[in-house]
Amino acid sequence: MDLDRSKPVWPQVAAELRRRLDAGQYPAGERFPAVNELAAEMDVAPSTVQKAVAALREEGRLYTVLGQGSFVKGDE
């Protein structure tokens, strides 16, 4: 993933994660990859991914189960 480091990175990460969700890379009901895993893959700080995941949660695309992680929300 090519990032424009002259702009805030977390919105770019959020956009990439949205693209992956839209493409079905992470199916509804499935556990979303861990923040540290995504951070390593995208070569960004875990806090950057955490902020992007929080944005997706606020949009209703993900939900979190305490102690289990984040999951992809399906169409209800």
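Cut-offs used in this document
- Residues numbered from 1 in each chain as written.
- Predicted model: local features only at pLDDT ≥ 70, side-chain atom pairs only at ≥ 80, totals over all residues.
- Heavy atoms only, no water.
- Pairing = 2+ DSSP bridges.
- Helix = DSSP H or I, 4+ residues; strand = E, 2+ residues; numbered from the N terminus.
- Salt bridge = Lys/Arg side-chain N within 4 Å of Asp/Glu carboxyl O.
- Buried < 20%, exposed > 50% of the residue type's maximum accessible area, 1.4 Å probe, protein only.

Turning our eyes to something else, we now look at the pairing of strand S1 (residues 62-65). Across 4 bridges, the pairing between S1 and strand S2 (residues 69-72) is antiparallel. Counted as the bridge partner of Thr64 is Ser70 from S2. Counting the residues in the hairpin turn of S1 and S2 gives 3 residues, including Gly67, whose phi is positive at 85°.

Next up on the list: the pattern of salt bridges. In this structure the tally under the stated criterion is 6 salt bridges. Glu16 is the salt-bridge partner of Arg19, the closest N and O atoms lying 2.7 Å from each other. One end of the pair is Arg19 and the other is Glu16, both in helix H1 (residues 9-22) and 3 residues apart, which spans about a single turn. According to the relative accessible area criterion, Arg19 is partly exposed, its value standing at 46%. We note a salt bridge from Arg20 to Glu41, for which the minimum N-O separation is 2.6 Å. Of this pair, Arg20 sits in helix H1 while Glu41 sits in helix H2 (residues 35-42); the two residues are 21 residues apart in sequence, bridging distant segments of the chain. A cluster of three or more residues bridged by salt bridges with shared partners is formed by Glu16, Arg19, Arg20 and Glu41.

By themselves, these observations are geometric and do not establish any function.
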